[in-house]
Amino acid sequence: DGGITQSPKYLFRKEGQNVTLSCEQNLNHDAMYWYRQDPGQGLRLIYYSQIVNDFQKGDIAEGYSVSREKKESFPLTVTSAQKNPTAFYLCASSMSGVGYTGELFFGEGSRLTVL
Amino acid sequence: KQEVTQIPAALSVPEGENLVLNCSFTDSAIYNLQWFRQDPGKGLTSLLLIQSSQREQTSGRLNASLDKSSGRSTLYIAASQPGDSATYLCAVKDDKIIFGKGTRLHILP
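Residues numbered from 1 in each chain as written. Chains lettered and ligands numbered in written order. Predicted model: local features only at pLDDT ≥ 70, side-chain atom pairs only at ≥ 80, totals over all residues. Heavy atoms only, no water.

> Would you mind showing me how to read the overall build of chain A here?
Across its full length, chain A carries zero helices and eleven strands. Overall, chain A shows an N-to-C arrangement of helices and strands of β-β-β-β-β-β-β-β-β-β-β. A compact globule built from 115 residues should have a C-alpha radius of gyration of about 13 Å, and chain A, at 14 Å, falls within 12% of that. For the C-alpha atoms alone, the extent of chain A along its principal axes is close to 45 × 25 × 25 Å. For chain A, the proportion of its 115 residues judged to be buried stands at 46%. If you take every contact in chain A between residues at least 6 apart in sequence, the share linking residues at least 24 apart comes to 53%. Approximately 5,800 Å² of chain A is accessible, and the part contributed by carbon and sulfur atoms is 48%. (Helix = DSSP H or I, 4+ residues; strand = E, 2+ residues; numbered from the N terminus. Rg over C-alpha atoms; globule rule 2.2 N^0.38 Å. Buried < 20%, exposed > 50% of the residue type's maximum accessible area, 1.4 Å probe, protein only. Contact = heavy atoms within 4.5 Å. Areas by Shrake-Rupley, 256 points an atom, 1.4 Å probe, with all protein chains shown as cover.)

> Just to check I follow, could you spell out the overall build of chain B for this structure?
Scanning chain B from terminus to terminus reveals zero helices and eleven strands. When the helices and strands of chain B are placed in sequence order, the string is β-β-β-β-β-β-β-β-β-β-β. For chain B, whose C-alpha radius of gyration is 13 Å, the value lies close to the compact-globule estimate of 13 Å for 109 residues. The buried share among the 109 residues of chain B stands at 44%. The contacts in chain B between residues at least 6 apart in sequence include a share of 54% that link residues at least 24 apart. One way to put it: in chain B the 11 positive side-chain charges average out to a point 5 Å from where the 10 negative ones average out. (Lys, Arg positive; Asp, Glu negative; His and termini not counted. Charge placed at Lys NZ, Arg CZ, Asp CG, Glu CD.)

> Would you mind showing me how to read the interface of chain B and chain A here?
Reports of interface size often rely on the accessible area that becomes lost once the parts have come together. Taken together, the 17 residues of chain B in the interface contact 19 residues of chain A. When the area that chain B buries against chain A is broken down by residue, the three leading residues are Leu44(B), Ile97(B) and Phe99(B), summing to 29%. Across the contact surface, chain B and chain A share one salt bridge. Across the pair Asp59(A) and Lys96(B) runs a salt bridge, and its minimum N-O distance is 2.7 Å. At the boundary of chain B with chain A, the tally comes to six residue pairs in polar contact (both at pLDDT 80 or more). A per-class count over the side of chain B that touches chain A returns six nonpolar, eight polar and three charged. (Buried area = accessible area lost by both parts, 1.4 Å probe. Salt bridge = Lys/Arg side-chain N within 4 Å of Asp/Glu carboxyl O. Polar contact = N/O pair within 3.5 Å; in protein donor to acceptor, adjacent residues only side chain to side chain. Nonpolar A, V, L, I, M, F, W, Y, C, P; charged D, E, K, R; others polar.)

Next comes the structure, spelled out in structure tokens:
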């Protein structure tokens, strides 16, 4: 089945450690996104990529890094520079461009807890 | 700057009632508006997408409308069921995708 797979579902990290969250899609979508969700707040955009080997910062990129070496993969690294990394992280993708609706699809999320 | 608001933040209704969820946005120059459902601890599931040129979309018991001029969208749920209990979010796309904070819906059996 086509979809977006995020792993791991749950992750615990000690302060000072970098962690990488995986996001893989088999929808052949061009655009991929990373969002952060905190209780009582809306989704906030961390990074997005509209094409392989290119990505842009979102609203809260500080302390995060990404890569887009393959169309189907968009991993997110939460670095030790991120001051408050405990959150629920959501990956999304869409087909962009003329003739496409731009409908956004999401993975099941990864919950990161910093101990 | 585009802002998206969903009121109320939470809503409880008895099973079987029809209900309307609201989404308002400040800038009418949008490409589309999308409604999602989110269950606790899960990702977002796309329900309906309305293009800027459309007025409404329907899927089963769900109907979403869009009035760009007034900056409003509604999600109508017919004959509500306990399984409809979830958080419903709307998102508008202009040059970015902006989400509302959602309405937490509880259907009482």
